[in-house]
Amino acid sequence: EDIVLAATGHKPGEKVIENNVAPTCEEAGGYDEVVYCTVCEKELSRTPVTVSAIGHRWNEGEITTAPTCEGEGVRTYTCLNDRTHTYTEPIAATGHNLDYDEGFDATCEEDGVMAHYVCTVCEKMFEDEAASIATEEDIVISAIGHKLAEVEEIPATCEEDGVMAHYFCTVCAKMFKDEASREELTEEDI
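Below you will find a few notes about this structure. Values in this document were obtained by computation on a predicted structure and should not be read as measured data.

Quick notes on the side chain of Thr 78
Relative to the helices and strands, Thr 78 resides in strand β5 (residues 73-78). The buried category is assigned to Thr 78, whose relative accessible area is 10%. Leaving out residues up to four positions away in the same chain, Thr 78 has contacts with Arg 57, Trp 58, Asn 59, Arg 83, His 85 and Thr 86.

Written out as structure tokens, the structure is:
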């Protein structure tokens, strides 16, 4: 009769990692732990292992669109694990930084400017602290023009100088030869 040698049994080797898929920020990864026989190389076991998604690690964000007085800005955050992953948050508009300008009165010859506010950032003009927008036309006070009064001629005498006929402005006291030409006179002229 034949002599039967008993089977020696498999000799398991070290675990081997196969089918390794690295996890991403948003998706799980995994691999198989496989054990082979060191003698016949038969696969003895295969255990799938799941590795959880690693999640995002966001930087502190950078301003990619600066806010303005009236418009929102944007802050963009980038994942430190995968720079292709980003998200944004709005940054509130800064609002106007108003500075009061008391303006100045119009004169006979020069335009004036009404009291108003000016934004120190965007330089827009406003009628009031509620930031009601003003245009140049809204705040300019037109020159008022001369208000002329006639001075009649006073003839010279033997002992006193006379005064020639002329006009003077009742607002600014400038003197003029006549109403039409607005040729300005000095004390010596009259």
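A word on the environment of Cys 69
Mapping Cys 69 onto the fold places it in the loop between β4 (62-65) and β5. For the pair Cys 69 and Ala 7, spaced 62 residues apart in sequence, the C-alpha separation works out to 86 Å. Those residues in contact with Cys 69 that sit more than four places away from it in its chain are Ala 93, Thr 94, Gly 95, His 96, Cys 119, Val 121 and Cys 122.

What about the sheet that holds strand β1 (residues 16-21)?
Spatially, β1-β2-β3 is the arrangement adopted by the three strands of the open sheet, whose pairing is antiparallel. This sheet does not close on itself; its edge strands, each paired only once, are β1 and β3 (43-51). Within this sheet the neighbouring strands show an average axis-to-axis angle of 20°, counted without direction.

Thoughts on the sheet that holds strand β15 (residues 184-185)
Pairing is antiparallel across the open sheet formed by four strands, whose spatial order is β12-β13-β14-β15. This sheet does not close on itself; its edge strands, each paired only once, are β12 (148-151) and β15. Sheet analysis places strand β13 (residues 166-169) next to strand β14 (residues 175-176), joined by two bridges and oriented antiparallel. Bridging across to β14, Phe 168 finds its partner in Met 175.

Here's the deal with a negative patch on the surface
Taken together, the side chains of Glu 127, Glu 136, Glu 137 and Asp 138 present a region of like negative charge at the surface. The residue Asp 138 is located in helix α1 (residues 136-139) in this model.

Topic: unusual backbone geometry
Positive phi, normally seen in glycine, also occurs at Asn 19, with a value near 55°. For Asn 19, the position within the fold is in strand β1. Taking relative accessible area as the criterion, Asn 19 reaches 54% and is therefore assigned exposed. Unusually for a residue other than glycine, Glu 123 sits at a positive phi of about 65°. Secondary-structure assignment places Glu 123 in the loop between β9 (116-119) and β10 (125-126). Note on Glu 123: relative accessible area 64%, which makes it exposed.

Definitions and cut-offs
Position labels on residues start from 1 in each chain and follow its written sequence. Under the rules for a predicted model, residues below a pLDDT of 70 receive no local features and side-chain atom pairs below 80 are neither given nor counted, while totals for whole chains, interfaces and linings still include all residues. Side-chain measures here rest on the full set of heavy atoms in the structure, leaving out hydrogens and waters. Here a strand is any run of E in DSSP of at least two residues, a helix any run of H or I of at least four, and the numbering for each starts at the N terminus. For the exposure calls, accessible area comes from a 1.4 Å probe over protein chains only, and a residue counts as buried if that area is under 20% of its type's maximum, exposed if over 50%, partly exposed in between. Note on contacts: a residue pair is in contact if any heavy atoms of the two residues lie within 4.5 Å. Any two strands with at least two DSSP bridges between them are considered paired. Helix axes are fitted only over the stretch in contact, all axes being lines through C-alpha atoms; the angle between N-to-C directions runs from 0 to 180 degrees. Each patch is built from residues that are more than 30% exposed by relative accessible area and take part in no salt bridge. Like charges join if they lie within 9 Å; nonpolar side chains (Val, Leu, Ile, Met, Phe, Trp, Tyr) join within 5 Å. Surface accessibility in these figures is a Shrake-Rupley result with a 1.4 Å probe; residues are shielded only by whichever protein chains are displayed. For this document, the term salt bridge refers to a Lys or Arg side-chain nitrogen within 4 Å of an Asp or Glu carboxyl oxygen. His is not counted, nor are the chain ends, whereas Lys and Arg count as positive and Asp and Glu as negative. To locate a charge, take atom NZ for lysine, CZ for arginine, CG for aspartate or CD for glutamate.

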